[in-house]
Amino acid sequence: MTLRITQYGESVLHQKGKTVQSFDNELTQLSKDMLEAMHQVQGIGLAAQQVGKAIRFCVVDVPDHPDYPMACIVDGKPLSPSLLMPMSLANPEVTALPSDEYYYEEGCLSFPEIRGDVARPERILVRYQDLDGAQHELECDGLLARCIQHEADHLDGILFTERMEKEVYAEIKSEVKALKKKTLHTLKEGKLPQVPIPEPEE
Ligand SMILES: [Zn+2]
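Anyway, here's the lowdown on the structure attached to this text. Note that this is a predicted model, so its numbers are computed, not measured. (Residues numbered from 1 in each chain as written. Predicted model: local features only at pLDDT ≥ 70, side-chain atom pairs only at ≥ 80, totals over all residues. Heavy atoms only, no water.)

Focus on the pattern of salt bridges
Filter applied, for reference: For this analysis, a salt bridge means a side-chain nitrogen from Lys or Arg found within 4 Å of a carboxyl oxygen belonging to Asp or Glu. In DSSP terms, a helix is any run of H or I states spanning at least four residues, a strand is any run of E spanning at least two, and both are numbered starting from the N terminus. Type-normalised accessible area, obtained with a 1.4 Å probe on protein chains alone, sets the label of each residue: buried when under 20%, exposed when over 50%, and partly exposed for intermediate values.
Taken as a whole and judged by the stated rule, the model has 11 salt bridges. Between R56 and D156 there is a salt bridge, with the nearest N and O atoms lying 3.1 Å from each other. With a gap of 100 residues between them, R56 in the loop between β1 (45-47) and β2 (57-60) and D156 in the loop between α3 (142-155) and α4 (160-163) connect regions that are remote in the sequence. For R56, a relative accessible area of 12% translates into the label buried. The closest approach of N and O atoms between D153 and R163, which form a salt bridge, is 2.7 Å. Within this pair, whereas D153 is found in helix α3, its partner R163 is found in helix α4, the two being separated by 10 residues in sequence. By relative accessible area, D153 is classed as buried at 7%. Judged by its relative accessible area of 41%, R163 is partly exposed. Shared partners join several salt bridges into a network, and the residues in it are E106, R120, R146, D153 and R163.

Structure representation (structure tokens):
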């Protein structure tokens, strides 16, 4: 079953997730379904709120970039990010490590075609549980650190637009409002808002 990705204007996106307590087949299936839905729209991260579930669970699949290699240390051991992906993170707790904040233009599958600069720490430590409930610690930087911070925010009901500085948000405010209006209109008609599926690249 392909999961529908919730769109801005749907209340679940503002809900704080409940702690994941059952590491069962249902969670494994949810992880598979979320990755499938995310890959279909070429995303690199997806939070449970974005498939209509207010729980503390997200998936990420961040490609390494030859020009900007990411450093990953899992449970104290350096690991190539490609061996780590795709990742399922239950109950992630993010701590910023000493590093500079930097701006990066983020997007979000619940805000199709809307992008804006967000400042976040460059390096993080994230404690999380895997699909078996085992605890792990991941230290990472670059796009992976960025993506995990964005997804962990979703689990608290915080959206990337709320992290933008006033001036940045001002530039996209009308698009954000129009999206909310469209979502509410679709719901009012008894339909479910959908993220547009991009055309495959030639
Ligand atoms: Zn998002």
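Next, the rest of the story.
Side note on the environment of Y103
The following threshold applies: A contact between two residues is defined here by any heavy atoms of the two lying within 4.5 Å. N or O atoms within 3.5 Å of each other form a polar contact, as long as, within protein, one can give a hydrogen and the other can take it, and as long as residues adjacent in sequence are counted only when both atoms are side-chain atoms.
Relative to the helices and strands, Y103 is located in strand β6 (residues 101-106). Judged by its relative accessible area of 47%, Y103 is partly exposed. For Y103, the contacting residues outside a window of four places in its chain are D117, V118, A119, R146 and E165. Side chain to side chain, Y103 and E165 meet in a polar contact 2.5 Å long.

Considering the pairing of strand β9 (residues 135-141)
Heads up, the rule is: When DSSP locates at least two bridges between a pair of strands, those strands are taken to pair.
For strand β3 (residues 72-74) and β9, the ladder comprises 3 bridges, and the chain directions are antiparallel. Within β9, the position partnered with V74 by the bridge is L138. In terms of strand pairing, strand β8 (residues 123-129) meets β9 through 7 bridges, oriented antiparallel. The residue of β9 that forms the bridge with I124 is C140. The loop that links β8 with its antiparallel partner β9 comprises 5 residues; one of these, G133, has a positive phi angle of about 90°.

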